[in-house]
Structures are given as C-alpha cells and as structure tokens.
Amino acid sequence: MCLCRFLLVALAVSVPGVAMAAAEGAPHLDGSALNLLWIIPFVGALLSIAIFPLAAPDFWHHHFGKVSAFWALAFLVPFFLQFGFDLTLYELLHVSLLEYIPFIILLLSLFTVAGGIRLKGSLVGTPIVNTGMLALGTVLASFTGTTGAAMLLIRPLLRANEGRDHQVHVVVFFIFLVANVGGSLSPLGDPPLFLGFLKGVPFFWPTTHMFLPMVMVAAILLAVFLALDHFLWRREKATGDEPAFSMGEDEFKEAEKLGLEGKVNFLLLGGIVAAVLMSGVWKPGITIDVFHVPVELQNIARDVLLIGIALLSVKLTDQDCRDANGFSWFPIIEVAKLFAAIFITIVPAIAILKAGSSGALGFVVDAVSQNGEPNNVMYFWLTGILSSFLDNAPTYLVFFNTAGGDPAILTGPMASTLLAISAGAVFMGANTYIGNAPNFMVKAIAEERGVKMPSFFGYMAWSVGILVPCFILVTLVFFA
C-alpha cells in the first residue's frame, strides 16, 4: 500500500490550474482556471435524465447506464489529459469516498428497508382517507426518506382510489407532499439535506429551521387537496358511476383487513436513524488517508452499519411481502448509475463556483449577493429553479459551496441563507418530474396501474398553479 501511494504521488505533475496544498500535499483544482466548457458533461448528464425518459423511453430503459458512463468519461478523459493522473485520481476519490458512496448507501438502506414494509387492507379513497394518507406520508418522509415513504404508500393509495374517475390529482399531490415537501426535517428525508449533513451541517439543524416553512407549505397543500378531492368525490357520487364506493356485503366480508407486514423493518429503520446520528455525534478523531482524501472512522462505521441493516432487511423480510409490494431493485440501480455520473461531472462546476466572482460562473455568485451580503430571496429561487429542472441534490451542493461551503458559518450567522438553499432544493424539487428521484418513480408506478398521468409540461401546469403561489408566500414570510 505504501509503495502504491509513493508511486501515485510521484506521478504528480505541475500543470496550469493545479496548486498543491502545502499542509497536506494534496492536489487542488483552481476553479478560476476553468471555463464553462468543463460543465458540458454535467449539463449533458442532467439533460439526458430530463429528455430521454420522455423522448425515447425504450432506449433509456435499456441504455441509461451507458449514457451515464458516456458523460462521466466525457469529463474524466479530457480532465486527465489536461491536468494529469494525480489530480484526476484525487478528485475522483474525493467525490466518491466523501459524497457519492455515503449518499447511495443511505438511499439503498432506506429503499430496502421501506420496501419490506407493506400496508395491507381494503381502503376506500374518500377525501378523509386520501388526505390522511398524504399527511401520514408527509410525516414519514423525514424519517424513511422521500423515496422510502413514497414506495411504502403509493401502491396502497392507488388501490384505495381504483374505482374513482379522478385519480390524477391524488398522485400529483402525493408527489408534492410525500416525495418532496415531507422530506424537509432531517438528513434522512431528502438527498440534499444528507449531502449537507455530510458537509458538516448538524443532524437536527433541518428539524429546527425547516419546521415552520415545511408546516406552512404542507398545511396549505393538504387543505387545497382536501377541498379539491371533496369536490371531485361529490361530483363522482352524483354520477352514480362509483364502483369503489358501493362495496356489497359479501365483498366487505372478503376485504383484506388493515394491517402491516414486515414490521421488523420498523426496528431496522430505527437502526438507520441511530447509525446516521452516531456518525454525527461520535468523533474519535481517527481517519484513513486514501491518496490525501481523509475518510473518518465514524463515517466508515456508519456505512458498514447501513449496509448490514439493508442485508438484515433482505434476510428477515418474507419475499412474499416484497412481491406483494411490487418491490424490485431496478429503481435503486437506476439512481446509482445516474448519480454516479452526476457526482463525477459536477466537480468542475463546484470548483468554478468556489472561485467566486473570478470564476466563469461569477454571474451566478453575483446574482445571489448584494453589496457583499447574501440575497436570500435569490438563493431560494435560483436553488429552487435549478432543482426543478436539474436535480435537487447536486443543485444544493452547488449553492452550498457558492455560499462559502463552511458549515459553521452557514448554520450560524448565515443560517437564513442555508435555510433558503435547503427550502429551495427540497420544496421546488416537486416542480417537475425530474426534480427529485422519487417523482418519476411514482409517475411510473401510477401509469403501470392505469392512471393517465400528465405529460412533463402538463404536470408543470399543476405545479405552477399550486406550488408557485405557496413558494411566493414562503419568500414573503421567511426571506423577504
């Protein structure tokens, strides 16, 4: 191992744009030396996610991994040729060991454990039942993750509404609340907040600071949904075409009773929370240096525990329960491959933003500051708009670094700025199907069950009409 490290260090070369950190001897990428051509692979990867599933779904389904690898190589090969092996290896290890691997391990554990919990029973999709399930999912999302809560509740909700003429609004509000807004209160809830946790934001910081904005948005959306669903329910009852509303006595006797399967997974969810909390509280001060990248012992322990919990869930959960849940590994495999490219190709974008006004994206930095002070309204809306069309996790990371990237300052004197970034990333991930990973998963499951979901722009008509007024109110109350 020592010989390998010596050889790797010996390969370091001095090229424009590379500076050596004197204290650690680690290569350093100077973002001011990069132009905007370096972010083409990042933009290409995100546009591929946005366009291919809609324009060429069959091609995307079979080749998304190849497309992801193409964009990763489109960045890595020119970067290697320009800056050499040493810096390329360092940046690849840095983003992999400190960000991507912990990120995907957490998603995997939540996805596996939540997929082993099945809510069974014959529910009727009345306005009260639907609103209650949306409220439950909104609460659960901060503890099981938006992916976990969405996968847990979307199928029971669709079953409950099978006989209704109007189901689209139920799924749309489900995406708004369960797949996005509900994940506001902990690093487990939504990927952007977990990335913030990995960067040093305390575990309970989102709980205390995001609570009021989240409650306000969730309360408005639940009230709007209840009113809309009640209106449609009454109209459907008036038509008399309501198979789900008229369960006969024999059908009622045969209906499956409400209950839960895979209850052991609730204990495992507690284990996930404990493992993440442990990594934020336990600070042994021991690190393993992998080519200048310091990997802390507590983070290694957390990731090992999370993998172990996922394996326990697979072993302890009856496969029939997962089958009845419609569980498959495809969604997490897709996310893992796509996000690998995103995390790799985002490296130059972050370096450029870290360069501040002297970097090629200086106009972005200037837009979120006014007379040297952060403009929190712009932080909220720029983070949110980019989260809507790109992906909220890397977008959060970009603006976190734009704001300085120092967790002590961002959770202290600049707490309002971090709140604007966090709220923009989490809330506005709901604006489009591609804003957050669970959005497209929920859409796909609904369409498999026969729900004719809106097109990409049709869904945006819902989000612009309902969500944007909520976000304007959030701006006026918390950031103006």
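The shown structure was predicted, so the numbers you read here are calculated from the model rather than taken from an experiment.

### Description of the overall build of the chain
Counting its regular elements, the chain contains 21 helices and 8 strands. Rg of the C-alpha trace for the chain: 23 Å, near the compact-globule value of 23 Å for 480 residues, within the 12% margin. Once the C-alpha set of the chain is aligned to its principal axes, its extents read approximately 80 × 50 × 45 Å. Classification of the 480 residues of the chain by burial places 53% in the buried group. For the chain, the accessible area works out to roughly 20300 Å², and carbon and sulfur atoms hold 68% of it. Once the 23 positive and 32 negative side-chain charges of the chain are each reduced to a mean point, those two points are 6 Å apart.

### Some remarks on the pattern of salt bridges
A full pass over the atoms with the stated rule returns 6 salt bridges. The partner of D229 in a salt bridge is R164, and the shortest N-O contact between them spans 2.9 Å. Taken together, the positions of D229 in helix α8 (residues 211-239) and R164 in the loop between α4 (127-160) and α5 (168-177) put the pair 65 residues apart, joining distant regions of the chain. In terms of burial, D229 and R164 fall into one category: buried. Where K443 meets E447, a salt bridge forms, and the shortest distance between an N and an O atom there is 3.0 Å. Here K443 and its partner E447 are both found in helix α20 (residues 437-448), 4 residues apart, which amounts to about one turn of the helix. Through salt bridges with shared partners, a single network forms among R164, D229 and E236.

### Topic: the nonpolar core
Judged by nonpolar contacts, the single largest core of 145 residues is most densely connected at L134, F174, F176, L221, I272 and F427. For this core, the element with the most residues is helix α3 (residues 57-114), which contributes 23 residues. Filtering out sequence-adjacent residues up to four positions away, F427 remains in contact with V181, S184, M210, P213, M214, V217 and F471.

### Some words on the packing of α4 against α20
Packing of α4 against α20 leaves a shortest axis separation of 10 Å and a crossing angle of 20°. Judged by the angle between their axes, α4 and α20 are roughly parallel. Crossing handedness for the pair α4 and α20: right-handed. Contacts from T146, T147, A150, M151, I154, R155 and L158 in α4 reach P438, M441, V442, I445 and A446 in α20.

### A word on unusual backbone geometry
Phi is positive for F291, close to 50°, though the residue is something other than glycine. With respect to the helices and strands, the residue F291 is situated in the loop between β5 (287-290) and β6 (293-296). Relative accessible area serves as the criterion here: at 2%, F291 is assigned to the buried category. A positive phi angle, close to 75°, is found at H292, a residue other than glycine.

### Description of the environment of A69
Relative to the helices and strands, A69 resides in helix α3. A relative accessible area of 37% means that A69 is categorised as partly exposed. Distance in space between the C-alpha atoms of A69 and K337 is 8.0 Å, their sequence separation being 268 residues.

### Some details on the side chain of N431
Here N431 is to be found in the loop between α19 (415-427) and α20. Polar contacts involving the side chain of N431 include one to the side chain of S388, which spans 2.9 Å. Residues contacting N431, with those up to four places away along its chain left out, are S388, Y459, M460, S463, L467 and F471.

### Here's the deal with the confidence of the model for the chain
Across the chain, the average pLDDT comes to 84, with 91% of residues at 70 or higher. Note on residues 243-254: pLDDT under 50 across the span, and 11 contacts to partners over four residues away in sequence or across chains.

### Digging into the side chain of N439
Inspection of the secondary structure assignment puts N439 in helix α20. Of the polar contacts made by the side chain of N439, one reaches the backbone oxygen of G429; its length is 2.9 Å.

Thresholds applied
Residues numbered from 1 in each chain as written. Predicted model: local features only at pLDDT ≥ 70, side-chain atom pairs only at ≥ 80, totals over all residues. Heavy atoms only, no water. Helix = DSSP H or I, 4+ residues; strand = E, 2+ residues; numbered from the N terminus. Rg over C-alpha atoms; globule rule 2.2 N^0.38 Å. Buried < 20%, exposed > 50% of the residue type's maximum accessible area, 1.4 Å probe, protein only. Areas by Shrake-Rupley, 256 points an atom, 1.4 Å probe, with all protein chains shown as cover. Lys, Arg positive; Asp, Glu negative; His and termini not counted. Charge placed at Lys NZ, Arg CZ, Asp CG, Glu CD. Salt bridge = Lys/Arg side-chain N within 4 Å of Asp/Glu carboxyl O. Core = buried A, V, L, I, M, F, W, Y, C linked by side-chain atoms within 4.5 Å. Contact = heavy atoms within 4.5 Å. Axes fitted to C-alpha atoms, helices over the stretch in contact; angles between N-to-C directions. Parallel < 35°, antiparallel > 145°, perpendicular 65-115°, else oblique. Left-handed = near helix turned anticlockwise from the far one by under 90°. Polar contact = N/O pair within 3.5 Å; in protein donor to acceptor, adjacent residues only side chain to side chain. pLDDT = per-residue confidence, 0-100.

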